[in-house]
Each structure stands twice: as C-alpha cells, then as structure tokens.
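Coordinate analysis (summary)
Chain residues, written in single-letter form:
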Amino acid sequence: MSTPPLYRDIAQNLKFEGLKCKSCGYVAYPEYHRICLKCGAIDQWEKVKLSRTGTVHTYIVSYYLPPEFETPLPLAIVDLDPPGGRIYAISTETKHEDMKVGLRVEVDFREIYHKDGLSVPSFKFKPLRE
Ligand SMILES: [Zn+2]
C-alpha cells in the first residue's frame with residue numbers, strides 16, 4: 001500500500017519546492033511526472049523554490065464541510081508568482097463575499113485541524129496586504 005499523497009508530499013510542501021524544466025522553464029507542481037507537460041523533455045528537472053504569493057485563478061465557496069471547518073469557506077486554485085506553479089488551497093482571513101478571480105494572495109502550508117492524533121495540513125491562502 002502506498003502512502004497517501006498528503007503525507008508523501010509533506011516535506012516537499014513544507015519546503016515550498018517544485019520542479020522547473022531545464023529545457024523550457026515550465027514549473028511543475030506537484031512533481032509526479034517525468035515528462036514536461038509543456039515541451040515533452042524527459043527527466044530535465046531541477047528543484048526550484050516556489051513563491052509564497054500568487055493570484056486566484058478560480059474558486060468556489062463551500063457551505064457543506066466537516067464540522068472542523070467554519071463555513072462558508074472559500075477554496076481556490078492559486079497561480080503562484082514566478083517561477084510559477086499552481087496549488088489548491090483553502091482560505092483563512094478571507095470573507096466569501098470578498099473572493100474574486102485575480103485576488104492577490106499569500107499562501108502557506110500548515111495544519112488546518114487536528115483529529116484522532118493526526119495533524120491534517122493543507123495549503124492555505126489569505127489576501128495579500130501590499
Ligand atoms: Zn519543458
């Protein structure tokens with residue numbers, strides 16, 4: 001049995017690391033594949049530090065979640081600033097009525113709740129205060 005992705009990728013997520021294609025510069029995150037999705041190069045990756053700021057690509061507002069979550073809760077796909085990469089994150093300090101495509105955000109990877117002796121981490125975002 002393989003380890004769930006959440007725990008398999010935890011070290012990578014905590015370090016905010018992705019892979020950058022040495023051939024075309026595409027940033028892959030998460031790093032599951034050998035072939036570059038943009039140019040087709042094989043095994044041409046180097047580790048790259050991801051940005052902790054980005055822009056909301058799209059989002060939903062969830063009203064029905066387990067009791068550990070306060071709803072309504074915005075969930076977003078965030079395009080990270082250069083070098084790039086795209087993550088799925090839940091909101092913190094963000095009212096659902098303030099959500100919009102293009103919202104500038106800062107992201108973090110940390111525990112979202114603790115249950116039955118297990119720490120459950122995830123990417124979180126909040127509006128960027130510039
Ligand atoms: Zn490439």
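Residues numbered from 1 in each chain as written. Predicted model: local features only at pLDDT ≥ 70, side-chain atom pairs only at ≥ 80, totals over all residues. Heavy atoms only, no water.

**Section: the nonpolar core**
What tends to happen in soluble globular proteins is that the nonpolar side chains get buried as a cluster. To keep it simple, the criterion reads: For our purposes a nonpolar core is just a set of buried Ala, Val, Leu, Ile, Met, Phe, Trp, Tyr and Cys residues, chained together by side-chain atoms within 4.5 Å. Exposure categories follow from relative accessible area, calculated using a 1.4 Å probe and restricted to protein chains: below 20% of the type maximum is buried, above 50% is exposed, and the middle band is partly exposed. Numbered from the N terminus, helices here are DSSP runs of H or I no shorter than four residues, and strands are runs of E no shorter than two. Residue ranges for the domains originate in an automatic or database domain assignment. Note on definitions: a residue-residue contact is assigned when non-hydrogen atoms from the two residues lie within 4.5 Å.
The biggest cluster of nonpolar side chains holds 18 residues, and the ones touching the most others in it are Leu50, Val78, Ile87, Val105, Val107, Phe123 and Phe125. Counting only elements with at least two residues in this core, the list comes to β5 (73-80), β6 (86-91), β7 (104-115) and β8 (118-127). Looking at which domains feed residues into this core, each of domain 1 (1-50) and domain 2 (51-130) gives three or more. In this view, Phe125 contacts Pro74, Ala76, Ala89, Ile90, Ser91, Thr92, Thr94, Met99, Val105, Glu106 and Val107; residues no more than four positions away in its chain are not counted. If you look at the next biggest cluster of nonpolar residues, it comprises 6 residues, including Cys21, Cys36, Ala41 and Trp45.

**What about the layout of surface pockets?**
The following threshold applies: Only protein atoms enter the calculation, which uses a 1 Å grid: trapped sets of points that fit a 1.4 Å probe without letting it out are cavities, open sets showing protein on both sides within 12 Å along at least five of seven lines are pockets, and any residue with an atom within 4 Å of a point is a lining residue. Grid points are joined across faces, edges and corners, and a volume is the space filled by probe spheres set on the points.
Volume-wise, the second largest pocket comes out at about 240 Å³. In this structure, the second largest pocket is lined by 16 residues; those nearest its centre are Glu70, Pro72, Leu73, Ser91 and Thr92. Counting only elements with at least two residues in the lining of the second largest pocket, the list comes to β5 and β6.

**Focus: the confidence of the model for the protein chain**
Here is the rule: In predicted models, pLDDT denotes the confidence assigned by the predictor to each residue on a 0 to 100 scale.
Predicted confidence across the protein chain gives a mean pLDDT of 87, with 88% of residues reaching 70 or more. For the protein chain, per-element mean pLDDT is lowest for helix α1 (residues 5-8), which scores 59, and highest for strand β4 (residues 53-62), which scores 97.

**Topic: unusual backbone geometry**
Residue Pro72 is reached from Thr71 by a cis peptide bond, and omega for that bond is 0°. With respect to the helices and strands, Pro72 occurs in the loop between β4 and β5. A cis geometry characterises the amide bond from Pro82 onward to Pro83, with omega recorded as 20°. Note on placement: Pro83 falls in the loop between β5 and β6. Here the phi dihedral of Asp43 falls at roughly 55°; this positive angle occurs in a residue that is not glycine. Relative to the elements of secondary structure, Asp43 occurs in the loop between β2 (27-28) and β3 (45-49). Exposure remark for Asp43: the relative accessible area of 38% places this residue in the partly exposed category. Of note in this structure, Glu93 is not a glycine but carries a positive phi near 55°.

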